[in-house]
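Residues per chain are reported as follows:
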Amino acid sequence: MSTEQSPQGFATRAIHAGQDADPTTGATVVPIYATSTYTQEAPGRHKGYEYSRSGNPTRAALETCLASLEGGERGLAFASGLAATTAVLSILKPGDEVAAAADLYGGTFRLLERVFKPWGLVARYTEDSSPAGFGRIITDKTRLIWIETPTNPLLQILDIAALASLAHTAGAWLAVDNTFASPYLQQPLRLGADLVIHSTTKYLGGHSDVIGGAVIGGNQLLQPIAFYQNAAGGVPGPFDAWLTLRGIKTLAVRMERHCANARRLAQWLTEQPLVKRVYYPGLPSHPGHDVAGKQMRDFGGMISVSIKGGKDAALRLLTRTKLFSLAESLGGVESLIGHPATMTHASIPAEIRLARGIDDGLVRLSVGIEDVEDLQEDLRQALS
């Protein structure tokens, strides 16, 4: 796959890649091609599009832009992040095995355990997310290593280059869910990964107004995923693709503010008496700080905190913030606060969730781009 750096910078490509002026009208912004079908000159003679499940110019612009930002040969857009994850898992066969870190998004765990496990896929999880930890769960049936970095919600950092080498030695692919980092902060394909997956709902869309997903990688590996995209039909509509493209244009400047705000709040939170632990890779005390510094441009906008007093204290915090909205999701311009045990990771059985460190005192913050002084004051009054 092509992982050579484009001569143009990231912010330039976010605004221009796949987004040339419309050839018919000269429209500077990619139009919303709100059509289900396309008129053909004769059977089999068309202008590249036949039916919008199979392809749409607005979606094609988004897919081209995503591929450019991640340094891949091709991008595929889906109706949600889980639709994208399903498409990747569809290239496996019954009896194949997936190796994954134990700390991962609850929706991914649910998909592996309740959808693909009955179908015949075997998922193995490691509490030790180092290459050695993965090495202990890989077998001769392992076809895919699936990772998030930073992970959701404990913000562990996994060494992408080392795990790519391990995967390839084992004859497996490495897939990286890059949602928490975004392509602005981290580009796994350049570190040896085979596939990158996004919930474009989050930082790529960036405004909490659209659901979407994406898979990016090399042409050959994406061919069966593209077949699944068309055959199963889990594609975004043109308006969703357009909204995501609009969000991507400001990704670079938004991520800089997300990161700056999160760095300041994370340090401040370490000094608060009601906070037992702060999970943020930008803190020098974080065990993955050095690896994050090597593979990421900055440390991201996500923070998790363990609150003294457990569930009751956490619930007080969750219900007293005014700027941090209590809501699912992350990555929007507005700050969100959530409770993984009862929200994003509720689909994981309690005994498994607790063993992985996701207890009732854990709170997750998606730090937005508001004035950081106001965000700090909001947390201060909620913690008081």
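To be clear, the structure that these remarks concern was listed above.
Below is a short write-up of the structure.

Rules behind the numbers
Residue positions are given per chain, counting from 1 as you read along its sequence in written order. Where totals are concerned, whole chains, interfaces and linings use all residues; where local detail is concerned, this predicted model gives features only for residues with pLDDT of at least 70, and gives and counts side-chain atom pairs only at 80 or more. Side-chain measures were taken over the full set of non-hydrogen atoms in the model, leaving aside hydrogen atoms and water. Axes here mean lines fitted to C-alpha atoms, for a helix over just the part in contact, with angles spanning 0 to 180 degrees between N-to-C directions. Segments assigned H or I by DSSP are reported as helices when at least four residues long, segments assigned E as strands when at least two residues long, and all are numbered from the N terminus. An angle below 35 degrees is read as roughly parallel, one above 145 as roughly antiparallel, one from 65 to 115 as roughly perpendicular, and any other as oblique. Less than a right angle of anticlockwise turn of the near helix away from the far helix marks a crossing as left-handed, whereas a clockwise turn marks it as right-handed. Note on contacts: a residue pair qualifies if any of its non-hydrogen atoms lie within 4.5 Å across the two residues. Here the term charged refers only to Asp, Glu, Lys and Arg, the term nonpolar to Ala, Val, Leu, Ile, Met, Phe, Trp, Tyr, Cys and Pro, and the term polar to all other amino acids, Gly among them. To pair, rings of Phe, Tyr and Trp, with the six-membered ring standing in for Trp, must have centres within 6.5 Å; the planes then decide the type, stacked if under 30 degrees apart, edge-to-face if over 60, and tilted in the middle. In this scheme, a residue with accessible area under 20% of its type's maximum is buried, one over 50% is exposed, and one in between is partly exposed, where area comes from a 1.4 Å probe on protein chains only. Side-chain atoms within 4.5 Å are what join buried Ala, Val, Leu, Ile, Met, Phe, Trp, Tyr and Cys residues into a set we call a nonpolar core. Here, a salt bridge means any Lys or Arg side-chain nitrogen found within 4 Å of an Asp or Glu carboxyl oxygen. A pair of strands is labelled paired if DSSP reports no fewer than 2 bridges between them.

1. Some thoughts on the packing of helix 3 (residues 81-89) against helix 4 (residues 106-119)
- Interaxial distance between helix 3 and helix 4 falls to 11 Å at its minimum, and their mutual angle equals 45°. Looking at the two axes, helix 3 sits oblique to helix 4. In the crossing of helix 3 with helix 4, the sense of the turn from one axis to the other is right-handed. Facing Leu82, Thr85, Thr86 and Leu89 of helix 3, the residues of helix 4 in contact are Gly107, Thr108, Arg110, Leu111, Leu112 and Phe116.
- In the contact of helix 3 with helix 4, the residues fall into five nonpolar, four polar and one charged.

2. Brief notes about the packing of aromatic side chains
- Per the stated rule, a full pass over the model turns up five aromatic pairs.
- On the basis of an interplanar angle of 65° and a centroid distance of 5.2 Å, the ring pair of Phe10 and Tyr184 is categorised as edge-to-face. On the criterion of sequence distance, the pair formed by Phe10 in helix 1 (residues 10-16) and Tyr184 in helix 7 (residues 182-185) is long-range, its members being 174 residues apart. With respect to burial, Phe10 and Tyr184 carry one shared label: buried.

3. Some details on the nonpolar core
- In this structure, Leu269, Val278, Ile303, Val363 and Leu365 are the most contacted members of the largest nonpolar core, which totals 65 residues.
- Counting residues per element, this core draws most heavily on helix 10 (residues 251-270), which supplies nine residues.
- Ranked by size, the runner-up nonpolar core spans 28 residues in total, among them Ala84, Leu111, Leu112 and Phe116.

4. A few points about the pattern of salt bridges
- Counting across every chain of the model gives twelve salt bridges.
- Where Glu41 meets Arg45, a salt bridge forms, and the shortest distance between an N and an O atom there is 3.1 Å.
- Glu63 serves as the salt-bridge partner of Arg59, at 3.5 Å between the closest nitrogen and oxygen. One end of the pair, Arg59, and the other, Glu63, are both in helix 2 (residues 57-70), four residues apart, so they sit about a helical turn from each other.
- For Arg59, a relative accessible area of 3% puts it in the buried group.
- Overlapping salt bridges, with partners in common, bring together Lys93, Asp96 and Arg143 in one network.

5. Things to note about the sheet that holds strand 12 (residues 362-366)
- Reading across the sheet, the five strands line up as 8-9-12-11-10 and stay open at both edges, with mixed pairing between neighbours. The sheet is open, and its two borders are formed by strand 8 (275-279) and strand 10 (325-326), each paired with just one other strand.
- Strand direction decides the pairing type here: strand 8 and strand 9 (residues 302-307), joined by four bridges, are antiparallel. Bridge assignment links Arg277 to a residue of strand 9, and that residue is Ser306.
- The strands that helix 10 touches are strand 8, strand 9 and strand 12; relative to strand 9, the one it contacts most, it runs at about 15°.
- The strands touched by helix 12 (residues 310-320) within the sheet are strand 9, strand 10, strand 11 (336-338) and strand 12, with strand 9 carrying the most contacts at an inclination of about 135°.

6. What about the pairing of strand 12?
- Across the five residues that make up strand 12, a large majority, five, are buried.
- In strand 12, alternate side chains face the same way, and those of Leu362, Arg364 and Ser366 on one face and Val363 and Leu365 on the other are all buried.
- Alignment of strand 9 against strand 12, held across five bridges, turns out to be antiparallel. Residue pairing for strand 12: Ser306 is matched across the bridge by Leu362.
- Taken together, the three bridges between strand 11 and strand 12 define a ladder with antiparallel strand orientation. Paired with Ile337 across the bridge in strand 12 is Leu365.

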